[in-house]
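Coordinates in review
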Amino acid sequence: MKKKSIFLLSFLLVFSVLLFACNAINLSGGPASNDSIYGNGGSAVVKGDYLYFANAFVDYNSISNNDNKYDDGSAQKIYGIYRTKLNQFGGVDLNDEGKREGVELVTYNVGGFAYAGLYIFGDYLYYATPYTVATNTGELTYGLVRIDRVRLNGTEHEEIYSISNYSAEASYDLVSVDNIVYIASRDADNKLIVMAIDGGNKREVINVDGATSFAVFEQNNIVAGESVQEINKYVYYTRQDSDTSTYYLCRRLLSGGDESVIFRSSSELLVESVKNNRIYFTEDGVLKSFGQDNLSTYIPSVYAEISISSSANSITDYLILDASIGSANLDRGILGVFYDGTNYSITYYNNGIVREIGVLSDTTKEVTLLATQGNEFYYQVADDTALYKCTLNFSIEGNRYTVSDYSEPVVIATEFSYEVNSTEMFDFDNERIFVYSQEDGDTLNYLHMLMIDEQVSFVDETEGSIISRYIGVKQE
C-alpha cells in the first residue's frame, strides 16, 4: 500500500448536493474516460496526462467552524485541489519567471491536510476535506473529515459523507468494484462500516462492531479493461471473542453478505494489506499471508519467524513487494529492516529465504523504508538527507522467488524530507514522488514533485543537486 496518513471515521450520511451557480467551475478538456489512473489514495493522483493534486498543506486545527466552504471567496482556496497537464516527460514546466502556468482549480475545498486522500474512479474525483463544528457549549471540535466528490472537470460538487469521531488509530480507504465505489472505515470505537456509492445512490452495506483492524484491495492504479479478481472483492477484518479470547480473521463481500472466518488464533491477529491477490496479516507480530489458492486449506505463508517491533532482533520496518506479471500468484516476499540491537540491515524474506541487501555504508544508522513499486524500493538513512532508490533482480528458487542481485543505490533527491508540520506525508505513483515543502520566501508548504527516473530529474542549475519542483499555484 502506498504509505498514507491514517485517520478517524464514523460516517453520517449526507444527502444534500451543493451546486452553487455563482461559484460554478466547469473546465474544458481533461483526461479521457478510459485513461489509466495512477496514485489513488494520497495528495496527488494522475489520470491520463492530467495531474490532480492538493496544492498546499494546512493544519486542520486552524480551520474554524465557518471555514473551508465551497466558495470562490474562501480564504482556504489556496489549499484546494487543482489540476495541470503533464509535459512529455511526465513532469511540469516553469515559465521564464519561474512560475507555473496552466494550473486550474477543480474544487474550492481544502485537499491538503494530515488526512488527505484523493481518488479517481471513472469520471469523478473523490477527496477528503476537513471541517470543524461547535458543540452545544460553544467549544470547537477540530479534526472532523468529510468525503466530497466532483467530476474531473470541476462540475457537480457533492458532499457525500460527514465524518466524526476522529482517532489516529482509525482508518479508511476507497475502492471501486464492478463500477460501484465503496468507502470502508473503522472508527475510534472499532466500528467497521462500508458504504456503497452507486451513481447517485448511497447506502450502508456492512456494519461490524469490535473490528480491531481492516483492509480492502489496494487499488492505487486502475487500468481500463482490467477486472478485479474475486479475492479483492471483500473487506477483510479482525475481531476478538471476549469470552474465549480467540482472535478471528474474517471477510465479507463489499456488496454485503455473511461473514466468513478465514483464520483463528489464540494470539493477536491484525490484517495489514490486500494486494498481489493476497491477504497479509500478522499473528503475534509475525507477518503471514493467504492467497486465493490456500484460503481453503487455511495454511498461511510465513515470511520470517521474527517479530515486527522496534526491539532488538526484530524487523523495525517492512514493505510488501509487488507481484510480477505471469508469476502464477507466486509471492515475491517482503523487505524488512532487521535490527540486532546494534546494527541495521535491509533484508529480503520469502518463506524461509533470507538474504541481506548490502547497500548500507553505515549499518549503525537507522533505516526507513518509504515505498516500493515493481522491482524498486526507496529508503532513507538517519543523518543522511538523501532519498535513495535500489532495484532488485529476482529469480525463482524451489518454486519461490528470491533476490538474485540488486543495483547500487541511486540518489532520487539530494535534500529530502517527507515531514510537514510534524506530519509524515509521502505519496508516489509510477513516475513521481510528492511531498510538501517550502522554498525561499514561502509562508506555506506547497506540494512538490520529484521524478523517480533520475534521467528526467529536476536539477538545481547552480549546485547540481537533485531537487523537487512545485507543481501548483502560490499565494499572491
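Here we summarise the structure given alongside this text.

What counts, and where the lines are drawn
- Residues numbered from 1 in each chain as written.
- Predicted model: local features only at pLDDT ≥ 70, side-chain atom pairs only at ≥ 80, totals over all residues.
- Heavy atoms only, no water.
- Pairing = 2+ DSSP bridges.
- Helix = DSSP H or I, 4+ residues; strand = E, 2+ residues; numbered from the N terminus.
- Salt bridge = Lys/Arg side-chain N within 4 Å of Asp/Glu carboxyl O.
- Buried < 20%, exposed > 50% of the residue type's maximum accessible area, 1.4 Å probe, protein only.
- Contact = heavy atoms within 4.5 Å.
- 1 Å grid on protein atoms, 1.4 Å probe; cavity = no way out; pocket = protein on both sides within 12 Å on 5 of 7 lines; lining within 4 Å.
- Points joined across faces, edges and corners; volume = space filled by probe spheres on them.
- Nonpolar A, V, L, I, M, F, W, Y, C, P; charged D, E, K, R; others polar.

**Here we look at the sheet that holds strand 22 (residues 286-291)**
The antiparallel open sheet is built from 4 strands, whose spatial order is 20-21-22-23. Each having just a single partner strand, strand 20 (269-275) and strand 23 (301-302) make up the two edges of the open sheet. Looking at chain direction, strand 20 and strand 21 (residues 278-283) are connected through 6 bridges and run antiparallel. In the sheet register, K275 faces strand 21, and the bridge partner there is R278.

**Quick word on the pattern of salt bridges**
Taken as a whole and assessed by the stated rule, the structure comprises 21 salt bridges. When the shortest N-O distance is used, the salt bridge between R278 and D331 registers 2.9 Å. Taken as a pair, R278 in strand 21 and D331 in the loop between strand 24 (314-320) and strand 25 (334-339) lie far apart in primary sequence, 53 residues in all. Side by side, R278 and D331 carry an identical accessibility label, which is buried. Among the salt bridges present, the one from E283 reaches K288, with a minimum N-O distance of 2.5 Å. Assessed through its relative accessible area of 16%, E283 is described here as buried.

**Quick notes on the environment of I467**
Within the secondary structure, I467 sits in strand 39 (residues 466-467). The sequence separation of I467 and S457 amounts to 10 residues, and the corresponding C-alpha distance is 7.6 Å. Not counting residues up to four positions away in its chain, the partners in contact with I467 are L450, F458, V459 and D460.

**Examining the pairing of strand 3 (residues 44-47)**
Every other side chain in a regular strand lies on the same face of the sheet, so the side chains alternate between the two faces. Across the two faces of strand 3 the burial is the same, with A44 and V46 and V45 and K47 all buried. Sheet topology note: the strand 2 (residues 37-38)/strand 3 ladder contains 2 bridges and is antiparallel. Among the inter-strand pairings, I37 is bridged to a residue of strand 3, identified as K47. The loop that links strand 2 with its antiparallel partner strand 3 comprises 5 residues; one of these, G39, has a positive phi angle of about 95 degrees. Here strand 3 runs beside strand 4 (residues 50-54); their pairing, made up of 4 bridges, is antiparallel. Bridge pairing in strand 4 links V45 to Y52. If you look at the hairpin formed by strand 3 and strand 4, you'll find 2 residues sitting between the two strands, and G48 has a positive phi there, around 65 degrees.

**Regarding the layout of surface pockets**
By volume, the second largest pocket amounts to about 440 Å³. What lines the second largest pocket is a set of 20 residues, among which E415, S437, Q438, I467 and S468 lie closest to the centre. Listing elements by their share of the lining of the second largest pocket, those giving two or more residues are strand 36 (432-437), strand 37 (445-451) and strand 39. A per-element tally of the lining of the second largest pocket places strand 36 first, with 3 residues. In terms of residue class, the lining of the second largest pocket is made up of 7 nonpolar, 7 polar and 6 charged.

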